[in-house]
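Given next are the chains, with one letter for each unit.
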Amino acid sequence: MSAEANNAASSSQTQSSRALTGPGQAGNTPQANSNGPDLSQQNLAAACIAIVDDYRRSRVTKLEAIVSVIGTISEELYASPGQVSTVAGPYLAMLDEVESELARATNSSTRGRTTRSDEPAHVDEEAPLPEDRSRAGSVEPGEPARKRSKLDYSSIDAAVKCRKFQPLSPSLERTNEILKNWSQDPKEVWRYLMYHKYGPEFHKSGWTEIIAGECINLDVVHTIITSSHTVDKQTEILGGMEIKYGVSEAASKKIATDSDWYAAWNKSADAVKFAFPHREAELNGYFAFISKYFLQANASAHGRVIRFNKAVRNRVRSSRRLELTDFHEFEDLIFSHFNADGRQRNDPADSKSGSGSSSNASNKRDPCRKWNAGECSRSAASCRYAHVCSFEQDGHVCAQRHVKTKHLEDSKSKST
């Protein structure tokens, strides 16, 4: 309570006493004495001040406090409305003062949130925390206020000093600054991007991934491009039960070809460039980097290129020191995905599995034996298997767009 409110509280007893007796009536009541207001008047003042204090602690609303003050005075005095309003005046003024204090405190805390995001906020170790309005009723007067410890970054600073780090590129510095700033209110940033009148068409969960600095799920983007169904999962709480609806990730289509990847990447890159226009050179460079692998690899190896892309983007997402164009940082991933002895060269997802649609999807990558024998009546688009050469040598399938007999003809011509 401010000094003005304290002054009002200290003078309220005198003013209420004068209002009780009125001009020319001092000393006419049997309980009056020369030392000031009688005991009942002191109890009345204490009760009214307690109501004001309840409002200050957010235990009651202002309207409830006003009603309580007037009701308490009316019950105690049995006076006319004019006398009640006179006695209640000082206490109503105290309620107005408390309301002004609460408004100033709210404005002050709002201004404090505009502190620069790249500097830790100053914390006064000696200042008590603001009173928790939601639990104010459990705090008794006179209890010591809780204190919040100052955040300690010394261990991190020591680690930085004992290591030698390469300076970040200006583009990466800018990206990290934006992400740090957006982390203060990601929902508001999401609304701004989602409903911007010049924003590109992009799904809700995709904008959330961009704002958080996560890598976009290209399989979800591919599903949106090739399907009329939404893939954004929604959650509702009804009667204490959480209900999720929408297309799940398990139902999303997986990118299987280079054309699938190109379409999903270009749509995602367009959204990222809108949020981070300074990253355009980085995104274009990475697109050219992956495109070379697609062009140099057989169609049967495009699955490895797609998995390699996921591994690279996951690594960049996990660090704030890497960009997609830091190609020298991905040499181990290149070896594991494209070298004959690499662990990721043959992914289990590419092999035949149990049954159903998953089996059909894996069989699509296998050469069609009937086509190689000249007996397949289906087109390349409708056949379950790939119309490519099934000739195998040293554990590798040719997979070129000619029949297997070509190798036999070549071997005969060489022998003659």
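Our subject is the structure listed above.
Here the structure is a predicted model, which is why all the values come from computation and not from measurement.

**Description of the overall build of the chain**
At step 1: Counting secondary structure elements, the chain contains 16 helices and 4 strands.
At step 2: Within the chain, the fraction of its 416 residues that count as buried is 29%.
At step 3: Relative to all contacts within the chain whose residues are 6 or more apart in sequence, the contacts with residues 24 or more apart total 54%.
At step 4: When the accessible surface of the chain is totalled, it reaches about 27200 Å², and 52% of it is carbon and sulfur.

**Here's the deal with helix α9 (residues 218-226)**
At step 1: Turning to α9, its buried residues are L218, D219, V220, V221, H222 and T223.
At step 2: The inward-facing, buried residues of α9 contact α10 (258-275) and α12 (302-317).
At step 3: Its side-chain oxygen 3.0 Å from the backbone nitrogen of D219, N217 forms the N-cap of α9.

**Observations regarding the nonpolar core**
At step 1: Ranked by size, the top nonpolar core spans 37 residues in total, and within it W182, I210, W261, W265, F276, Y286 and I290 carry the most contacts.
At step 2: At the level of elements, α6 (170-182), α7 (186-194), α8 (204-212), α9, α10, α11 (280-296) and α12 are the ones that each hand at least two residues to this core.
At step 3: At 7 residues, the largest contribution of residues to this core is made by α10.
At step 4: Ignoring any residue separated from it by four or fewer positions in sequence, one finds W265 in contact with L218, L283, Y286, F287, R313 and L324.
At step 5: In this structure, A45, Y55, V69 and A88 belong to the second largest nonpolar core, which totals 16 residues.

**Some words on empty space enclosed by the protein**
At step 1: Scanning the model with the defined rule gives 1 cavity of 30 Å³ or more in all.
At step 2: For the largest cavity, the calculated volume is near 400 Å³.
At step 3: Taken together, 26 residues make up the lining of the largest cavity; nearest its centre are G213, E214, R279, V316 and L324.
At step 4: Counting residues per element, the ones that place at least two in the lining of the largest cavity are α6, α10, α11 and α12.
At step 5: Its residues assigned to classes, the lining of the largest cavity shows 14 nonpolar, 5 polar and 7 charged.

**Considering the pattern of salt bridges**
At step 1: Scanning the entire structure with this criterion turns up 13 salt bridges.
At step 2: For E99, the salt bridge is made with K62, and the minimal N-O distance between the two is 2.8 Å. On the criterion of sequence distance, the pair formed by E99 in helix α4 (residues 81-112) and K62 in helix α3 (residues 62-77) is long-range, its members being 37 residues apart.
At step 3: On the basis of relative accessible area, K62 is assigned to the buried category, the value being 19%.
At step 4: Bridged by salt links that share partners, the residues D53, R56 and R57 form one connected network.

**Some points on unusual backbone geometry**
At step 1: Phi angles above zero are rare outside glycine, and S58 is one such case at about 65°.
At step 2: Relative to the helices and strands, S58 resides in the loop between α2 (39-56) and α3.
At step 3: Its relative accessible area of 36% is what places S58 among the partly exposed residues.
At step 4: Located in the positive-phi region is A399, a residue other than glycine, with phi close to 60°.
At step 5: The topology assignment puts A399 in the loop between β4 (396-397) and α16 (405-415).

**Things to note about the packing of α9 against α10**
How two helices sit against one another is set out by the angle between their axes and by the gap between those axes.
At step 1: Interhelical geometry of α9 versus α10 gives an angle of 100° and a closest axis separation of 9 Å. The orientation of α9 with respect to α10, classified from their angle, is roughly perpendicular. Seen from α9, the contacting residues are L218, V221, H222 and I225; seen from α10, they are D260, W261, A263, A264, W265, K267 and S268.
At step 2: Among the residues forming the contact of α9 with α10, the class breakdown is 7 nonpolar, 2 polar and 2 charged.

Analysis parameters
Residues numbered from 1 in each chain as written. Predicted model: local features only at pLDDT ≥ 70, side-chain atom pairs only at ≥ 80, totals over all residues. Heavy atoms only, no water. Helix = DSSP H or I, 4+ residues; strand = E, 2+ residues; numbered from the N terminus. Buried < 20%, exposed > 50% of the residue type's maximum accessible area, 1.4 Å probe, protein only. Contact = heavy atoms within 4.5 Å. Areas by Shrake-Rupley, 256 points an atom, 1.4 Å probe, with all protein chains shown as cover. Polar contact = N/O pair within 3.5 Å; in protein donor to acceptor, adjacent residues only side chain to side chain. Core = buried A, V, L, I, M, F, W, Y, C linked by side-chain atoms within 4.5 Å. 1 Å grid on protein atoms, 1.4 Å probe; cavity = no way out; pocket = protein on both sides within 12 Å on 5 of 7 lines; lining within 4 Å. Points joined across faces, edges and corners; volume = space filled by probe spheres on them. Nonpolar A, V, L, I, M, F, W, Y, C, P; charged D, E, K, R; others polar. Salt bridge = Lys/Arg side-chain N within 4 Å of Asp/Glu carboxyl O. Axes fitted to C-alpha atoms, helices over the stretch in contact; angles between N-to-C directions. Parallel < 35°, antiparallel > 145°, perpendicular 65-115°, else oblique.

Interpretation note: all reported values are geometric properties and have no functional meaning in isolation.
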